[in-house]
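# Structural overview for review
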Amino acid sequence: MVCTTGYMARSPLAVLALLAACSLPPIQYRAEKEAHWEATTASELSGQLITGDGPRTLAEAKGRVVIVDFWATFCDPCERSFPRYQALAERFGDSLAIIAVSLDDATGVKKGAVELFAQRTGAKFPLLWDQDGAMKRAYGPPSLPTSYVIDQLGKIAHVHVKYEAGDVDVIARAVEDLLALAPAKPRNASPQRVPATP
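Residues numbered from 1 in each chain as written. Predicted model: local features only at pLDDT ≥ 70, side-chain atom pairs only at ≥ 80, totals over all residues. Heavy atoms only, no water.

## Quick notes on the state of the cysteines
Let me state the cut-off plainly: Note on terminology: pairs of cysteine sulfur atoms within 2.5 Å are recorded as disulfides. The rule is simple: take the accessible area with a 1.4 Å probe, protein chains only, and divide by the maximum for that residue type; under 20% is buried, over 50% is exposed, in between is partly exposed.
As enumerated under the stated definition, the model contains 1 disulfide in all. A disulfide bridge connects C75 with C78, and the sulfur atoms are separated by 2.2 Å. Classification of the bridge connecting C75 and C78 rests on its S-S torsion, roughly 80°, and on that basis the disulfide is right-handed. Of the two residues examined, C75 and C78, each falls in the buried class.

Below, the structure is given as structure tokens:
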């Protein structure tokens, strides 16, 4: 992993991502239970939905762990990561939401290219297109891909910059740690009735 990049950081979240990227090796994840709840609140997501099913905003994913992944169609590591993210989505089910945000330049890339990327990689989770750059400015990913793992309270708990073999296992452990800290409540659970005593 290289900590210097031409992809300039312009927000506090970008500084957080760079610090995380440069201070920890990509295969290391530390679960700090006390510090976890004091993390930065994640910015809400917007953008055009290109394809995919499931929550496409943090509000829609409330109560779940969320992976927000910034990517682009020209990014080979992004393409390699998507099938692994789809496997994570299937493994964790309703406890995890994955939302992928394309940073492709709308002047040079057509919607069909983004749709084709999803088809090629087998991604079924929502793919948003950040055409106006609002999410890029809010999160400030220092490189592509960059993934933000967001806890059930909407706070950024883990930042993972770039993608290499084995990195998805690190992200999976981050998800598991968050689920162990504060398990998500079932969304449509009906209240249990207490039998009347005679």
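Now, onward.
## Things to note about the layout of surface pockets
Short version of the rule: Lining residues are those with an atom within 4 Å of a point, where the points come from a 1 Å grid over the protein atoms alone and group into cavities, where a 1.4 Å probe fits but cannot get out, or pockets, open sets with protein on both sides within 12 Å along at least five of seven lines. Grid points are joined across faces, edges and corners, and a volume is the space filled by probe spheres set on the points. Secondary structure follows DSSP: runs of H or I at least 4 residues long count as helices, runs of E at least 2 residues long count as strands, and numbering of each begins at the N terminus. Gly is put with the polar residues, along with every residue not named as nonpolar or charged; the nonpolar set is Ala, Val, Leu, Ile, Met, Phe, Trp, Tyr, Cys and Pro, and the charged set is Asp, Glu, Lys and Arg.
The space that makes up the second largest pocket amounts to roughly 150 Å³. Along its surface, the second largest pocket is lined by 14 residues, and D53, A89, G93, L96 and A97 are the ones closest to its centre. Elements supplying a minimum of two residues to the lining of the second largest pocket: α3 (76-92) and β3 (96-102). The biggest single contributor to the lining of the second largest pocket is β3, with 3 residues. When the residues that make up the lining of the second largest pocket are grouped by side-chain class, the tally is 7 nonpolar, 3 polar and 4 charged.

## Examining the environment of W71
Going by this rule: For this analysis, residues touch if any pair of their heavy atoms sits within 4.5 Å.
Following the sequence through the fold, W71 ends up in strand β2 (residues 65-71). Judged by relative accessible area, which is 0%, W71 ranks as buried. Considered as a pair, W71 and D104 are 33 residues apart in the sequence and their alpha carbons are 7.9 Å apart. Apart from the residues within four sequence positions on either side, W71 is in contact with C78, F82, A100, V101, S102, L103, D104, V114, F117, L127 and L144.

## Let's talk about helix α4 (residues 111-121)
Formally: Taken from the helix axis, the directions to the C-beta atoms give the arc we talk about.
For α4, the full list of buried residues reads V114, F117, A118 and T121. Along the axis of α4, the buried positions cluster into a sector of 95°, meaning they face one direction only. Among the structural elements, β1 (48-51), β2, α3, β3 and β4 (127-129) are those in contact with the buried residues of α4. One or two steps after α4, the chain reaches G122, where phi turns positive at roughly 75°.

## With respect to the packing of aromatic side chains
The cut-off we apply is this: A pair of aromatic rings is counted whenever rings of Phe, Tyr or Trp (Trp by its six-membered ring) have centres within 6.5 Å, and the orientation is called stacked for planes under 30 degrees apart, edge-to-face for over 60 and tilted otherwise.
Counted according to the given criterion, the structure contains 7 aromatic pairs. When the centroid spacing of 4.4 Å and the interplanar angle of 25° are considered together, the rings of W71 and F117 count as stacked. With a gap of 46 residues between them, W71 in strand β2 and F117 in helix α4 connect regions that are remote in the sequence. Given the relative accessible area of 0%, F117 is considered buried. Feature note: the residues W71, F82, F117 and F125 constitute an aromatic cluster, connected by ring pairs.

## Some points on the sheet that holds β3
Keep this limit in mind: Two strands qualify as a pair provided that DSSP identifies no fewer than 2 bridges between them. Think of each axis as a best-fit line through the C-alpha atoms, taken over the contacting stretch in the case of a helix, with angles from 0 to 180 degrees between the N-to-C directions.
The 6 strands are arranged β1-β4-β3-β2-β5-β6 in an open sheet whose pairing can be described as mixed. The two strands at the open ends of the sheet, each matched to only one other strand, are β1 and β6 (156-161). Here the average twist between neighbouring strands, direction ignored, is 25°. Relative to β6, strand β5 (residues 146-150) runs antiparallel, the two sharing 5 bridges. In the strand pairing of β6, T146 is matched with V161. Its contacts with the sheet put α4 on β1, β2, β3 and β4, and the angle it makes with β1 is roughly 50°.

## Comments concerning the confidence of the model for the protein chain
Quick note on the threshold: A score between 0 and 100, pLDDT records how confident the predictor is in each residue.
Overall, the predicted model of the protein chain reaches an average pLDDT of 80, with 72% of residues at or above 70. Low pLDDT, under 50, characterises residues 13-38; the predicted model gives this stretch 49 contacts beyond four residues in sequence or across chains. Confidence over residues 186-198 falls short of pLDDT 50; this stretch has 5 contacts with residues more than four positions distant or in other chains.

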